[in-house]
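Structural features, examined
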Amino acid sequence: MSKKVADVLWEMLAKAGVKRCYGIVGDALNPVVDALRRNGAIEFVPVRNEEYGVFAAVAEAYFTGNPVVVCGTAGPGVVHLFNGLMDARKEGAPIIAIAGDVESSIIDTSALEELNPYKFFEAVSLYTARLVNPEQARAVISTAILTAVVEKGPTVLAIPGDVASADAPDQPTDFTIAAPAVVRPSDTDFEKLVRMIDEAKTVAIFGGDGCREGRDEVVELACKLKAPVGYAFRGKQWLEHDNPNAVGMTGLIGYGGAYNAIHEAELLLMLGTDFPFSEFLPGTSVKKVQIDKNPKHIGRRTALDLGLVGDIKSTVTALLPAVREKTNEEFLAKQIAHTESFHKLLQHYVEKGPGIKPIRPEFLAATLSDLAADDAMFFADTGTACIWLARHIHGGKNRRLFGSFSWASMANAAPNAFGCALAYPGRQCIALCGDGGFTMLGMGDLLTQIERRTPVVQVILNNEKFDFVHIEQQEAGFIPFGVEFKNPNFAKVAEAMGAKGIRIEEPADVREGLTEALAYKGGPVVVDAVVDPLALAMPSHSPFHTVKGFTLSLAKQVLSGRLDTVIKEMGRNVGIV
């Protein structure tokens, strides 16, 4: 029997290193999924919602570096892929989306479920192809694979069912994926960079996800320059651990001495970061150099004195022998002392946590960090879960931290953890979920985890509101509105569905409950942690507009008859300012 186009598709994807395909079957996809069944080399992971599948794939692809496939049938199924694919683009995950399409004979006739893939995926896909002729197969499939792997992002193949079922032309299906290129600044720019570093009395480093492969080199450079090292959220897992010069994060979820370090240094080196919050970056009083392998990132967040295109590992490796070692440690010592002082402040509700009810989320997160394995993988929903991940979940050489840090979608943590539980069997995969995010997406596909007996630990911050939105409204000077809702007992819901459920209401039960959850290997666990809905997290530096907005919001709440709420909120957060 001759190969079909769909057979060629899966054969090429398997050669590219694809191990899994997440999605939901449907009429337009039936020939494609039937070929997947025949292939046998790639696991199909059926989910309840295509968006859940994409978030799972994003985490797997980001950490393994291997391409992962997602699929959705024509029209509505394809639409559900979009949000996760945008996350893949922002986080740099090689995802190949197979979009079911209407029969080729009725394309452009406004047929049922017809969608123009070029227009729909324009904002998210690095490469989109509509396979309408079998002769295209080898060329467009290989282009989709190579683009996703080399450029680290999502690509889309729209395939009508009749084309997927057609006989494939007799063409070779082999292709080559080139190793990543080594990119370094030009000699002239490099020499200028060396001079700027040597002439600066004090240097600070601010790093991001681009330091992933060059982590050791960055730390070595920091030690040689006596430079404090701050980091963006995406840089935390690479630059925080085993780094004597680490001074934390800046931004509204920031902590430590990072803000002061990057504002008080004479020269700031921004390494592999596209940190989007410009108000937390220094102005013209600090000389700034940015190094990034993506030219589009250079200078778009703040004005620079020097912008260089290069990957961090090779550029910093070249810098190490070229720059002079600095001897004055006063600046570094000052920023380290500030960081240690803020760390003590962060411990206020951790240390007092066993005696405070409702449960403080700081205490919950810190206890989780202490109990988790050294190679645990943590995932946080967008919202206050990110605050507690940033501040109280400690990284390590083999620990991994992930979230929708650049796209900021809700409901990512549970599917992220699920994808990595499949990719890394035996490792603890822990999702720190907002109650809003879990009910939005995680609850339905808890059934998928149960069917596969996947040991994902989902810790739900049950405060019955969109907590981060509540804080944002206060920062903007508004009276919080539309953010509260009622939750079920998530532990009982989980048990009814077939998962293990643990509800924690008492601070004294936090350690025991989390220990039980982490030890369970028979399938997914849902930890329903009833936490303080009035807990606040103050950044190490608050911009004036934030302080002004919070003050205005509290005043408006008092004047609108919410004095009791304001008093409770203030009383519940003594010691964090």
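On a predicted model such as this, the values are computed, not experimentally measured, just so you know. (Residues numbered from 1 in each chain as written. Predicted model: local features only at pLDDT ≥ 70, side-chain atom pairs only at ≥ 80, totals over all residues. Heavy atoms only, no water.)

1. Re the pairing of strand β6 (residues 154-160)
If a strand is regular, its side chains alternate between the two faces of the sheet. For β6, the buried fraction is high: seven of the seven residues fall into the buried class. Side chains of β6 alternate between two faces, with Pro154, Val156, Ala158 and Pro160 and Thr155, Leu157 and Ile159 buried alike. Across seven bridges, strand β4 (residues 95-101) lies against β6 in parallel orientation. Bridge pairing in β6 links Ile96 to Thr155. Where strand β5 (residues 128-130) and β6 come together, three bridges link them in parallel fashion. Paired with Ala129 across the two strands is Leu157, which belongs to β6. For the crossover from β5 across helix α7 (residues 137-151) to β6, the handedness is right-handed. (Buried < 20%, exposed > 50% of the residue type's maximum accessible area, 1.4 Å probe, protein only. Helix = DSSP H or I, 4+ residues; strand = E, 2+ residues; numbered from the N terminus. Pairing = 2+ DSSP bridges. Right-handed = clockwise from strand over helix to strand, strands pointing away.)

2. Comments concerning the packing of helix α10 (residues 215-225) against helix α13 (residues 312-322)
Taken N-terminus to C-terminus, the directions of α10 and α13 make an angle of 30°; their axes are 9 Å apart at the nearest point. Accordingly, the angle class assigned to the pair α10 and α13 is roughly parallel. Judged by the sense of rotation from one axis to the other, the crossing of α10 with α13 is left-handed. Contacts between α10 and α13 involve Glu217, Val218, Glu220, Leu221 and Lys224 from the former and Ile312, Lys313, Val316, Thr317, Leu319, Leu320 and Pro321 from the latter. Of the residues belonging to the contact of α10 with α13, the class tally is seven nonpolar, one polar and four charged. (Axes fitted to C-alpha atoms, helices over the stretch in contact; angles between N-to-C directions. Parallel < 35°, antiparallel > 145°, perpendicular 65-115°, else oblique. Left-handed = near helix turned anticlockwise from the far one by under 90°. Contact = heavy atoms within 4.5 Å. Nonpolar A, V, L, I, M, F, W, Y, C, P; charged D, E, K, R; others polar.)

3. A closer look at the packing of helix α1 (residues 5-15) against helix α2 (residues 30-39)
To describe two helices that pack against each other, one gives the angle between their axes and the distance between the axes. α2 packs onto α1 with a crossing angle of 55° between their chain directions and a minimal axis gap of 8 Å. Taken as axis vectors, α1 and α2 run oblique relative to one another. You can see that α1 and α2 cross each other, and the crossing is right-handed. Counted together, Ala6, Asp7, Leu9, Trp10 and Glu11 of α1 and Pro31, Val32, Ala35, Leu36, Arg38 and Asn39 of α2 form the full contact between these two elements. Looking at the contact of α1 with α2 residue by residue, the classes come out as seven nonpolar, one polar and three charged.

4. Quick notes on the nonpolar core
Among the nonpolar cores identified, the biggest contains 124 residues, and Leu85, Ile95, Leu269 and Phe379 are the most heavily contacted of them. No other element matches the ten residues that helix α3 (residues 50-64) contributes to this core. (Core = buried A, V, L, I, M, F, W, Y, C linked by side-chain atoms within 4.5 Å.)

5. Considering the sheet that holds β6
One key point about sheets: their strands pair by backbone hydrogen bonds, in either a parallel or an antiparallel sense. Strand order across the open sheet formed by six strands is β2-β1-β3-β4-β6-β5, with parallel pairing between neighbours. Edge strands, defined here as strands with exactly one partner in the open sheet, are β2 (43-46) and β5. If you compare each strand with its neighbour and ignore which way they point, the axes differ by 20° on average. In terms of strand pairing, strand β1 (residues 20-23) meets strand β3 (residues 68-72) through three bridges, oriented parallel.

6. A look at the pattern of salt bridges
A side chain of one charge can pair with a side chain of the opposite charge when the charged atoms of the two come close. According to the stated counting rule, one finds 31 salt bridges in the structure shown. Measuring nitrogen to oxygen at the nearest pair gives 2.9 Å for the salt bridge that ties Glu362 to Arg360. For the pair Glu362 and Arg360, a shared accessibility class is recorded, and that class is buried. Beyond isolated ion pairs, a larger network of salt bridges with shared partners links Lys3, Glu11, Lys15 and Asp174. (Salt bridge = Lys/Arg side-chain N within 4 Å of Asp/Glu carboxyl O.)

7. What about the environment of Ala491?
Mapped onto the secondary structure, Ala491 falls in helix α22 (residues 490-497). What makes Ala491 buried here is its relative accessible area of 6%. In this structure, the C-alpha to C-alpha distance between Ala491 and Gly26, residues 465 residues apart in sequence, is 33 Å. Leave out the neighbours within four places in its chain, and Ala491 touches Gly501, Ile502, Arg503 and Asp528.

8. Details of the side chain of Lys326
For Lys326, the location among the structural elements is in the loop between α13 and α14 (330-346). Only 2.6 Å separates the side chain of Lys326 from the backbone oxygen of Ala200, close enough to count as a polar contact. (Polar contact = N/O pair within 3.5 Å; in protein donor to acceptor, adjacent residues only side chain to side chain.)

9. Digging into the sheet that holds strand β13 (residues 306-309)
Taken in spatial order, the seven strands line up as β10-β9-β8-β7-β11-β12-β13 in an open sheet, and their pairing is mixed. At either margin of the open sheet sits one strand with a lone partner, and together these are β10 (255-256) and β13. Across two bridges, strand β9 (residues 246-249) lies against β10 in antiparallel orientation. Residue pairing across strands places Met249 opposite Tyr255, the latter belonging to β10. Together, β7 (203-207), β11 (267-271), β12 (287-292) and β13 form the strand contacts of helix α9 (residues 187-199), whose direction differs from that of β13 by roughly 130°.

10. What to know about the confidence of the model for the protein
Fine structural detail should not be taken from predicted coordinates in areas where pLDDT scores are low. Mean pLDDT over the protein works out to 93, with 93% of the residues at or above the 70 mark. Ignoring residues within four places in sequence, the model shows residues 566-570, a span with pLDDT below 50, making nine contacts including any to other chains. (pLDDT = per-residue confidence, 0-100.)

11. Observations concerning helix α5 (residues 82-91)
By the burial criterion, the buried members of α5 are Gly84, Leu85, Met86, Asp87, Ala88 and Glu91. Elements that come into contact with the buried residues of α5 comprise α3, β3, β4, β6 and β15 (400-403). Among the residues trailing α5, Gly92 stands out with phi positive, at a value near 75°.

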